[in-house]
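# Notes for the structure review
Next come the chains, spelled out residue by residue.
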Amino acid sequence: DLGIELRVETDLHEWLADGITYEFLPEEEAENNYRCLTEHHGRHPAGEACTWESAAQMKKRVMAVLDQYRHYHSVIVVCHGTLMQYVLGIDHPRNGQIEEFIAD
């Protein structure tokens, strides 16, 4: 026992292939949305109605959670690589990768 308080923050979940209805998509549709996310560097293409969560939406969601912990000296966050990629700007996070993030 490390004596560390643990909390589950539901908004630190993985990227949403369907950020509108939050429904589980068929694999092919989810893969197409992910391909669009990566091809457009996390931004919705101009003039297209996209249902997938953009990098800006993801970052806003994650930062809203992290802002609640600003009064802590340090916090350990466990998350998915896509969040690290678009929130921290890491191109291809490795499994188990550890990064320091200092909030502004």
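Just so you know, these numbers come straight off a predicted model, no measurement behind them.

It is worth spelling out the overall build of the chain at this point. Looking only at helices and strands, the chain features three helices and zero strands. Walking the chain from its N terminus toward its C terminus, one meets helices and strands in the order α-α-α. If one aligns the C-alpha atoms of the chain with their principal axes, the spans along those axes are about 45 × 25 × 25 Å. When the 104 residues of the chain are sorted by exposure, 30% land in the buried category. Restricting the contact set of the chain to residue pairs at least 6 apart, pairs at least 24 apart contribute 56%. Within the structure as shown, the chain displays about 8100 Å² of accessible surface, and the carbon and sulfur contribution to it stands at 52%.

Turning our eyes to something else, we now look at unusual backbone geometry. Excluding glycine, most residues fall at negative phi; most peptide bonds, likewise, are trans. In this model, Tyr22 sits at a positive phi of 60 degrees, which is unusual for a non-glycine residue. Mapped onto the fold, Tyr22 is located in the segment before helix H1 (27–39). Positive phi values are uncommon outside glycine, yet His41 reaches one of about 55 degrees. Relative to the helices and strands, His41 is located in the loop between H1 and helix H2 (55–67). Take His41: its relative accessible area is 54%, and that puts it in the exposed class.

The next subject is the nonpolar core. Formed by 18 residues in total, the largest nonpolar core has its most connected members in Trp15, Leu37, Trp52, Met58, Val62 and Tyr86. For this core, the secondary-structure elements that each account for two or more residues are H1, H2 and helix H3 (81–88). Leave out the neighbours within four places in its chain, and Tyr86 touches Leu37, Thr38, His41, Gly42, Ala55 and Met58.

This part covers the side chain of Ser54. Secondary-structure assignment places Ser54 in the loop between H1 and H2. Judged by relative accessible area, Ser54 falls into the buried class, the value being 7%. With near-sequence residues (within four places) excluded, Ser54 lies in contact with Gly42 and His44.

Looking now at the packing of H2 against H3. Where H2 meets H3, the closest approach of the two axes is 9 Å, and the angle between their N-to-C directions is 100 degrees. The orientation of H2 with respect to H3, classified from their angle, is roughly perpendicular. Within the contact between the two elements, H2 uses Ala55, Met58, Lys59, Arg61, Val62 and Met63 and H3 uses Thr82, Leu83, Tyr86 and Val87.

So, about the packing of aromatic side chains. Scanning the entire structure with this criterion turns up two aromatic pairs. On the numbers, 5.6 Å between centres and 70 degrees between planes, the contact of Trp15 with Tyr34 is edge-to-face. Here Tyr34 lies in helix H1 and Trp15 lies in the segment before H1, a separation of 19 residues in the sequence. By relative accessible area, which is 32% here, Tyr34 ends up partly exposed. For the pair Tyr69 and Tyr72, a centre-to-centre distance of 5.4 Å together with 50 degrees between the ring planes defines the contact as tilted.

What counts and how
- Here, residues in each chain are numbered from 1, in the same order as that chain's written sequence.
- Per-residue local features of the predicted model are confined to residues with pLDDT of at least 70, and side-chain atom pairs are confined, for both listing and counting, to 80 or more; whole-chain, interface and lining totals are unaffected and use all residues.
- The basis for every side-chain value is the complete set of heavy atoms in the structure, and neither hydrogens nor water enter the calculation.
- Secondary structure elements are taken from DSSP: a helix is a run of H or I of four residues or more, a strand is a run of E of two residues or more, and numbering for both begins at the N terminus.
- Per-residue accessibility, obtained with a 1.4 Å probe over protein chains only, is compared with the maximum for each type, and a residue is labelled buried under 20%, exposed over 50%, and partly exposed between these values.
- We call two residues contacting when some pair of their heavy atoms lies within 4.5 Å.
- Only the protein chains shown count as cover for residues, and the accessible areas themselves come from Shrake-Rupley with a 1.4 Å probe.
- What makes a nonpolar core is a set of buried Ala, Val, Leu, Ile, Met, Phe, Trp, Tyr and Cys residues whose side-chain atoms join them at distances within 4.5 Å.
- Inter-axis angles, ranging from 0 to 180 degrees, are taken between N-to-C directions of lines fitted to C-alpha atoms, where helices are fitted over the stretch in contact.
- Note on angle classes: values under 35 degrees are labelled roughly parallel, values over 145 roughly antiparallel, values of 65 to 115 roughly perpendicular, and the remainder oblique.
- Geometry of aromatic contacts follows a simple scheme: Phe, Tyr and Trp rings, the Trp one being its six-membered ring, pair when their centres are within 6.5 Å, and the pair is stacked under 30 degrees between planes, edge-to-face over 60, tilted otherwise.

So yeah, pure geometry; function would need other evidence.
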